[in-house]
Structures are given as C-alpha cells and as structure tokens.
Amino acid sequence: MERELREKKVEKLRELGINPYPHKFETTHEIHKIREKYERDPEGEEVVLRAKVKRISNYEGKKLLRLTDESGLEILALTEEQDLKPGQEYTFKGRLIRHEGKLTLADAVLTEEPPDATIAEIKKAYDFDPKGERVSIAGRLVAWRPMGKAAFGHLQDLLGKIQIYLRKDLLGEERFKFVKEFVDLGDVVGVKGKLFRTQTGELTVEVEEIELLSKCLHPLPEKWHGIRDVEVRYRQRYLDLIANPEARKIFLMRSRLLAEIRRFMVDEGFLEVETPVLQPVASGANARPFVTHHNYLDMDLYLRIAPELYLKRLIVGGYPKVFEIGKNFRNEGVDTTHNPEFTMMEFYAAYWDYRDLMKFTERLFQHLVDTVLEGKGEVEFEGHRVNLRPPFRVVRYFDLLEEKTGKGKEFFLRAPLEELVKLATELGVKKPEALTRAKLIDKIFEKVAEPELVQPAFVIDFPKILSPLAKEHREDPDLVERFELVVGRMEVANAYTELNDPKEQYRRFLEQLEEKRAGDEEAMEMDLDFIRALEYGMPPTGGEGIGIDRLAMLFAGVNSIREVILFPAMRPESGE
C-alpha cells in the first residue's frame, strides 16, 4: 500500500512536468565536514553533571536519556541505571563522547559527587556557533516530522547526519505545500540554506531551497537505525548501509585496511601486479575449483583458487618483489570463516625464507595497528581481548599436536592409517575413514590445536605431505619450512620458503594426483608450464598469502565473514 502511494506521487510529479530523478545537484559540503568544522570531539573526558531527564528511551540494552538544563540546552546520556523518571533532576558521572553526532555522557552512573560542569559549559566547549554560514548539502531523509507551518528532518550521507528545519514563511507557501505532498521518509533530497543552532543546541540547516533528487519507493524499516534480521542485512546490503551506522563503519575500516596494506607493500619495494582469474589449471592451493567454459577457445577454464603459480613465474622472470590483492574462488561451503568468493593478498620476495616472512608479517601488523587502529593494539573478538601488537608467539606444528593428543610426529606420519582413523573418530572428525593420511592430520590439527590459538601465533614447520609447494625443511626431511599465522582460532596467513627445485616440484605434483585418485577432491592438479618456468631457475624465495576478509573480521571485532563482505554468497530468495 505504501509503495503504491509513493509510485502515484512519482506519476503525479511527471504529470506536473517535474523530474523525480533529476540529473545533478550542486553541493558545497559533505555533512561530516560541516560537523568537523563546528563540533569538537571530547575524546572521553570524564565529567560530573546535574541535569533534568527530559525523555527516556531504550537503546541496545541501555537507557538513552535526553538531559536538559533551565535554558533548554540538551545533551544525551547512555546509562544502565534503573528507576529514572522524566522530569526529575539527577547528578550523573560519565565519559563525554559523541553518539550519532550528539554530545553524550557515556556509561553514565548516578553519583553524589558535586557537579564540575553544566550543559551550557559543555556545549560552549564542544559545539561552536556556525554564524549563519550558507551550505548546499544532499543526502537521504532518515527522519521527518512535519508540524503545521514547519517541519524538522535529518539528512544522512555516508559519514554524517544533520538536522534540517523548514518554515512555510521562508520557503513560500507553494514550495512548502510541494514538500508536504511529495517528500517522504527515505527520499534523497538536496537543500540549501543557513546553519544555526536550535534552542536545544543542535546544529541545523534552515532550509531556503529544497529539491527532490530521488524518490524512495519503499518505506524504510520502522526502526531504520537498527535492522537486526541478518537475512535482510546480507541480502539487501544497500538497506543495511542506509540503516546501520556500524555496517558503514566496518566497510570504511575495510577500505582503509586495504589502502594501508597497499601503502606498506609499495613502501617496502613490492610491485603490485595482476594475474589471470581464468586459469587452465586449478592449482596453487588445496581446494575444489569452479569450472567455466571459454566458447571461442572451446576449452574448460577454472576460476582461480590462488594466484600463487603465476606470481612465482614473475619471480622467475626477474621481478624481485611482487604482490597481488584480488579475488579467489573455492567451491566450498559457507560458514562463519568461509565464503566461496574471497579476497587474498599474496606476495613473494626473492632471496627470502619463511623466517624473513615472519618478521615482515609482524612489521605489517604493527603498521596496521598504528594506522587503521590508530595505535590501539587490542581488539575485542569473540569475547576475548586479542593483542595484535607483535611480537607473536612461535610454536611448532607437531609440538602442538603432541601437547593436545599425546601423539608425536612419528605416529602421525608412520602409524598404520587405521590408527589415525581411530584417533580422528574419538576426536569427532566427520567420516575419517574416507580421508587420506594428509587430510586426517589436517583435520585432527583443526580439531584439537586451532581452538586454543586465540592470541596471534605462528605455527611453524608443517608436515611435507600437507605442503606440496613448500621447500623441505633444512633440518628435517619430514617437514617443510612453512608457517600459518593463527589469530582468534582462525588461519589468517599462510607462508613458506618456496620450493624451487623443478624435479622435486614435479614429484610433489604427482603425489597430489595420487591424493586426488585416493578421493581428495581438493588436491592440486599438475601444472607443467609452471614446472618449465622453474627449469629456467627461480631464486630462493619466500611467499605468503593473507586473508583480507578474516583480517577485516579481526580489526572490526565481528565473528562472521559475511559482516565484512559487502555482498556475501546467499541462496536465492524463494520465488526467484
């Protein structure tokens, strides 16, 4: 019904010769730039304040208070205090912050301490007089309160929100009537006018001109500021971004994360390159590929599961340091840490080994802590305080397995397969009898060791049978020089001293083909051109892959990969 009413408004506008979707609107400011100019962040200053409670509402399990003084100036307060009553005066102690742009007393508690500030003093220190500056801004109308001869609303753009005030006598009767008849909550509008502060102290645009820029045909959710249905949030990400400020913050953080990674890599002398997404051989990682067909060439191709073998071809070609940030595709299930389309950075450095890569990875993390997290080294992740500042713990693969199972390297590599199957069964590994030895070892490690690794840890020296592209360990022929960086119980990075002996690499590929014949659908395929490239001589090289999505999960403190992917894989809606 609501949509039909809005569509009729669009039809009527067109009948009147008004385009409800105009081509352009000239703006002078982004909303957050206005706020930055006329509002200062208090950065958690502790204050004691006596004020009257004007209104009480619920907000994410807390009480959101509107506090006022005798002059009518207002600030907000977030509290867990109960039994507060509107119209009563109280003394609160808390940290001064901005909540959705407004001065707010966070973690407010009742206190008997004498007040050390008034609302007027706080507003004077942090909210400045705009002195009627003229602005032209545009955004989505996310609040709308028509009231007789006036109307209040809020316009929102990516980073900010600001109040707008419309008066019939200023706009003119005809234009004011147009607004009341044709403008709805959710529409994109442009306004021009003067900045001022209301009696309550809120930064506001007094509107002199208003233009409808795009009609919203669907009503926004009733509680537009808090969509909680994850199905709606992931499937209609555009609505999630309109409605949830936290979602916008996560993806802004992800963008900055990528920018800082690129900056660091370039400053360290790495060259950013691009390699094929459509590949004739599914290799470079253990995963099931997606298959497609090239009509002109009449051949099957694979969406890449990794760029590794192409990047190492560039090392052969003479580039000493290369990196690529891009999409990989693996035909696997969807869970909290896996999406079939995901973003990775892979990089390779000639004359490095895996020890160099560990030091480099710690430097990268320190850079990201300093820039993206602005020096805040700890993040909240799945109920734990995770410290992302280096140095990180280093632990050997089989030492962890022995600690958790009582079984050492010899058992896992040489015991009869049925004994591994028995152990895997006892540990709850699914269908262990169908797994190869390599897969059994891997699944047992995932079951018993990874859940213990909450703080960042380099797990080093993996079994050779799990690592077909890694160089044999210089001290133990059963192992390879490889590490995984595990943080928050999930693998974030995987790296090794690269295998550069073409004959040994050919033999390892043959072993992978045997694994595939034994039932491992994720085993690698033979890449003969890569072998040929190695025959021309690849220098000693260290290579690493870092999962950008999982890194973003850590930095955002969210426990689902779908929270950090703008458009995650979803089943079709019923009826599609």
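Calculation notes
Every residue gets a number counted from 1 within its own chain, in the order that chain's sequence is written. Per-residue local features of the predicted model are confined to residues with pLDDT of at least 70, and side-chain atom pairs are confined, for both listing and counting, to 80 or more; whole-chain, interface and lining totals are unaffected and use all residues. The basis for every side-chain value is the complete set of heavy atoms in the structure, and neither hydrogens nor water enter the calculation. Structural elements are reduced to axes, namely lines fitted to C-alpha atoms, with helices fitted over the stretch in contact, and the angle between N-to-C directions of any two is expressed from 0 to 180 degrees. For helices the rule is a DSSP run of H or I covering at least 4 residues; for strands it is a run of E covering at least 2, with both sets numbered from the N terminus onward. For this analysis, residues touch if any pair of their heavy atoms sits within 4.5 Å. We call Asp, Glu, Lys and Arg charged. Ala, Val, Leu, Ile, Met, Phe, Trp, Tyr, Cys and Pro are nonpolar, and the rest, Gly among them, are polar. Within this analysis, patches are made of residues with over 30% relative accessible area and no salt bridge. Like charges are joined at 9 Å or less; nonpolar side chains (Val, Leu, Ile, Met, Phe, Trp, Tyr) at 5 Å or less. Here the Shrake-Rupley method, with its probe set to 1.4 Å, supplies the accessible areas, and only the displayed protein chains count as covering residues. The term salt bridge refers to a pairing of a side-chain nitrogen on Lys or Arg with a carboxyl oxygen on Asp or Glu at a separation within 4 Å. Note on angle classes: values under 35 degrees are labelled roughly parallel, values over 145 roughly antiparallel, values of 65 to 115 roughly perpendicular, and the remainder oblique. Handedness of a crossing follows from how the near helix is turned relative to the far one, being left-handed for an anticlockwise turn of less than a right angle and right-handed for a clockwise one. Type-normalised accessible area, obtained with a 1.4 Å probe on protein chains alone, sets the label of each residue: buried when under 20%, exposed when over 50%, and partly exposed for intermediate values. Strand pairing is defined by DSSP finding a minimum of two bridges between the two strands.

## Describing the packing of helix α1 (residues 2–15) against helix α5 (residues 173–182)
Working step 1: Between α1 and α5, whose axes approach to 10 Å, the crossing angle comes to 145 degrees. Mapping the contact onto sequence places Lys9, Lys12 and Leu13 in α1 and Phe178, Glu181 and Phe182 in α5.
Working step 2: Classifying every residue of the contact of α1 with α5 gives three nonpolar, no polar and three charged.

## What about the side chain of Thr497?
Working step 1: Mapped onto the elements, Thr497 comes out in strand β22 (residues 490–497).
Working step 2: If sequence neighbours within four positions are ignored, Thr497 has contacts with Asp353, Tyr354, Ala470, Lys471, Glu481 and Thr541.

## Re a nonpolar patch on the surface
Working step 1: A contiguous nonpolar patch, built from Leu158, Leu159 and Leu252 and spanning about 260 Å² of accessible area, is present on the exposed surface.
Working step 2: Looking at the secondary structure, you find Leu158 in the loop between β7 (150–156) and β8 (161–167).

## Details of unusual backbone geometry
Working step 1: Residue Pro390 is joined to Pro391 through a cis peptide bond whose omega torsion reads 0 degrees.
Working step 2: By the element assignment, Pro391 lies in the loop between β18 (384–387) and β19 (393–396).
Working step 3: Even without being a glycine, Lys431 presents a positive backbone phi close to 45 degrees.
Working step 4: By the secondary structure assignment, Lys431 is in the loop between α13 (417–427) and α14 (437–448).

## Quick notes on the packing of helix α8 (residues 245–267) against helix α17 (residues 548–556)
Working step 1: Viewed as axis vectors pointing N to C, α8 and α17 meet at an angle of 120 degrees, and their least axial separation amounts to 10 Å. Comparing the axis directions of α8 and α17 gives the class oblique. For the pair α8 and α17, the crossing hand works out as right-handed. Residues Ile250, Met253, Arg254, Leu257, Leu258 and Ile261 of α8 form the contact with α17, whose participating residues are Ile548, Asp549, Leu551, Ala552, Phe555 and Ala556.
Working step 2: Along the lines of polarity and charge, the residues of the contact of α8 with α17 split into ten nonpolar, no polar and two charged.

## Topic: the pattern of salt bridges
Working step 1: Summed over all chains, the structure comprises 66 salt bridges.
Working step 2: Notably, a salt bridge pairs Glu7 with Arg3, separated by 2.9 Å at the nearest N-O pair. Taken together, the residues Glu7 and Arg3, both in helix α1 and four residues apart, mark about one turn of the helix.
Working step 3: Of the charged contacts, one joins Arg262 and Glu272 as a salt bridge, the two residues approaching to 3.0 Å between their closest N and O atoms. Of this pair, Arg262 sits in helix α8 while Glu272 sits in strand β11 (residues 271–272), placing them ten residues apart in sequence.
Working step 4: Residue Glu272 is classed as partly exposed on the basis of its relative accessible area of 36%.

## Things to note about the sheet that holds strand β3 (residues 74–79)
Within a sheet, each strand pairs with its neighbour through backbone hydrogen bonds, oriented either parallel or antiparallel.
Working step 1: The strand order around the closed barrel built from five strands is β1-β2-β3-β5-β4, with neighbouring strands paired in mixed fashion. Direction aside, neighbouring strands of the sheet carry axes that sit 55 degrees apart on average.
Working step 2: Sheet strands in contact with helix α3 (residues 119–126) are β1 (45–59), β2 (62–68), β3, β4 (89–99) and β5 (102–110), and its direction is about 100 degrees off that of β1.

## Things to note about the pairing of β22
Working step 1: Counting buried positions along β22 yields seven of eight residues, so the element is predominantly enclosed.
Working step 2: Where strand β21 (residues 482–487) lies against β22, six bridges are found, and the strand directions are antiparallel. The residue of β22 that forms the bridge with Val486 is Glu491.
Working step 3: Counted along the chain from β21 to the antiparallel partner β22, the turn is two residues long, and its residue Gly488 has a positive phi close to 60 degrees.
Working step 4: Here five bridges tie β22 to strand β23 (residues 541–547), and the two strands are oriented antiparallel to one another. Bridge assignment links Tyr496 to a residue of β23, and that residue is Gly543.

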